[in-house]
Amino acid sequence: MPLSAERKAEYFEKMKELLGSYTKLFVVQVDNVGSMQLQMTRKSLRGRAEILMGKNTMMRKVIQDYVDENPGTPVEKLKEMCRGNVGFVFTNGELGEIREVLESNTRPAPAKVGSVAPSSVVVPAGPTGCDPGQTAFFQTLQISTKITKGQIEITTDILLIQEGEKVTASQAALLQKLNVEPFSYGMHLVAVYDNGSLFDAKVLDITDEVLAAKFGEAVTVLASICLVIGFPTMASVPHSLVNAFKAIVSITIGLENYTFDKAEMFKEYLKDPSKFAGGGGGGDGGGGGAAAEAQVEEEEEEEAEMGGGMDMFGGEGDGGDY
């Protein structure tokens, strides 16, 4: 039944008020969402967000009228989102919190004949609770079974429905016999509008931790490139300093008449590794000291191979003067 002129006018005023009052909103798809489920979602969001549903033509008309009354407003981007069974969830709060509420309000649902499967359905192996007289039904669906303790048992896991396929009558009947509700329906987040920017809802999956990890990876790659090409940057200078210090220590160890404070520990270690041997682990500490000495010698060999490497100022060294 179409809305009366008064109801349409009320709807137009309400949506315009929401567009002017809120700077953020979710565009949500509400396929297979019942009125009771929608009402429970409204209750959960009370005081934090408002849900607005309506016909796409009406919503586009309201948005166009609002744009005409407010030239230059970025709300015009929402017109293209009014396609399919969608609605708007307006909020000025934290988008992450509202998203959690929307995604948590889901309910299990049976597979209906002719509906498109939102996910694949796998029937696990095991007893079905069906009597042996229904074996022909399983054979029709090409499901291997056996009779165990007076009931039909499925012998292997069966991929019954692929994601995106339409549910057939036999598949729906089988799931009903097994008392399985394979799907869950709720508001599906399509897009997010935030202060004039419209973007995919998947962007909200990018947390501060993810950004920090990606930034760290980028800095590591940048430092590696700068070290190879000999171009000093804030990312590579700490590594250049460490490499330069290692090179200086390795040269100082080979000199008898010159040393400095930081190199003393390395010289002492090479003179008598037993001073630095640990006391735990059982057995004598000689093996550990020998292993440590071998490790230091190996490190010195690696540093010696840095002859054409980078000096502490990012330039190319010739392995001679320091």
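Preceding this section is the structure that the text describes.
Reading guide: rules and limits
- Residues numbered from 1 in each chain as written.
- Predicted model: local features only at pLDDT ≥ 70, side-chain atom pairs only at ≥ 80, totals over all residues.
- Heavy atoms only, no water.
- Helix = DSSP H or I, 4+ residues; strand = E, 2+ residues; numbered from the N terminus.
- Core = buried A, V, L, I, M, F, W, Y, C linked by side-chain atoms within 4.5 Å.
- Buried < 20%, exposed > 50% of the residue type's maximum accessible area, 1.4 Å probe, protein only.
- Contact = heavy atoms within 4.5 Å.
- Phe/Tyr/Trp six-rings, centres within 6.5 Å; stacked < 30°, edge-to-face > 60°.
- Lys NZ or Arg CZ within 6 Å of the ring centre and 35° of its normal.
- Pairing = 2+ DSSP bridges.
- Axes fitted to C-alpha atoms, helices over the stretch in contact; angles between N-to-C directions.
- Parallel < 35°, antiparallel > 145°, perpendicular 65-115°, else oblique.
- Left-handed = near helix turned anticlockwise from the far one by under 90°.
- Nonpolar A, V, L, I, M, F, W, Y, C, P; charged D, E, K, R; others polar.

Novice: Please clarify how the environment of K246 should be interpreted in this entry.
Specialist: Structurally, K246 is set in helix α8 (residues 237–253). In this structure, the C-alpha to C-alpha distance between K246 and A263, residues 17 residues apart in sequence, is 9.7 Å.

Novice: Which parts of the structure should I look at to understand the nonpolar core?
Specialist: Soluble, globular proteins show a tendency: their nonpolar side chains are buried together. Ranked by size, the top nonpolar core spans 24 residues in total, and within it Y11, M15, L19, I63, L78, F88 and F90 carry the most contacts. Among the elements of the structure, α1 (5–21), β1 (24–29), α3 (56–69), β3 (86–91) and β11 (188–194) are those that each provide at least two residues to this core. If one sorts the elements of this core by residue count, α3 sits on top with six residues. Apart from the residues lying within four places of it in its own chain, the contact partners of M15 are L52, M59, V62, I63 and F88. Judged by nonpolar contacts, the second largest core, of 20 residues, contains C130, I152, I154 and L178.

Novice: What is the right way to look at the side chain of T41 in this model?
Specialist: Within the element layout of this structure, T41 appears in helix α2 (residues 35–44). Excluding residues that lie within four positions of it along the chain, T41 makes contacts with I51, L102, N105 and M187.

Novice: It is not clear to me how the packing of aromatic side chains should be interpreted in this structure. Could you clarify?
Specialist: The description of an aromatic ring pair rests on the distance of the ring centres and on the angle between the ring planes. Here the structure, examined in full by the defined rule, presents four aromatic pairs. The interplanar angle of 90° and the centroid separation of 6.0 Å between the aromatic rings of F88 and F90 together place this pair among those described as edge-to-face. Accessibility assignment for this pair places F88 and F90 in one class, buried. With a centroid separation of 6.0 Å and an interplanar angle of 90°, the aromatic rings of F137 and F138 are classed as edge-to-face. In textbook terms, an aromatic cluster arises when at least three aromatic residues are bridged by ring pairs, as seen for Y22, F88 and F90. We note K177 situated over the ring of F137; from NZ or CZ to the ring centre the distance is 5.3 Å.

Novice: Please explain the pairing of β3 as it appears in this structure.
Specialist: Looking along a regular strand, one sees side chains alternate from face to face of the sheet. Counting buried positions over the six residues of β3 gives six, a clear majority of the element. The two faces of β3 match: V86, F88 and F90 on one face and G87, V89 and T91 on the other face are all buried. Pairing analysis gives six bridges linking β1 to β3, with the strands arranged antiparallel. By the bridge assignment, F26 is partnered in β3 with V89.

Novice: Please explain the packing of α8 against helix α9 (residues 261–271) as it appears in this structure.
Specialist: Relative placement of two packed helices is described by the angle separating their axes and the distance separating the axes. Remark: α8 packs on α9, axes separated minimally by 10 Å, with the N-to-C direction vectors making an angle of 50°. Our classification of the angle between α8 and α9 gives oblique. The handedness of the crossing between α8 and α9 is right-handed. Across the interface between the two elements, F245, V249, T252 and I253 from α8 touch K262, A263, F266, K267 and L270 from α9. Per-class residue counts for the contact of α8 with α9 are six nonpolar, one polar and two charged.

Novice: I'm lost on the packing of α1 against α3 in this one. Help?
Specialist: Remark: α1 packs on α3, axes separated minimally by 10 Å, with the N-to-C direction vectors making an angle of 55°. By the angle between their axes, α1 is oblique relative to α3. α3 is crossed by α1, and the crossing has right-handed handedness. Here α1 contributes K8, Y11, F12, M15, K16, L19 and G20 to the contact with α3, which in turn contributes M58, M59, K61, V62, I63, D65, Y66 and E69.

Note that all results are geometric; they support no functional claim without further evidence.
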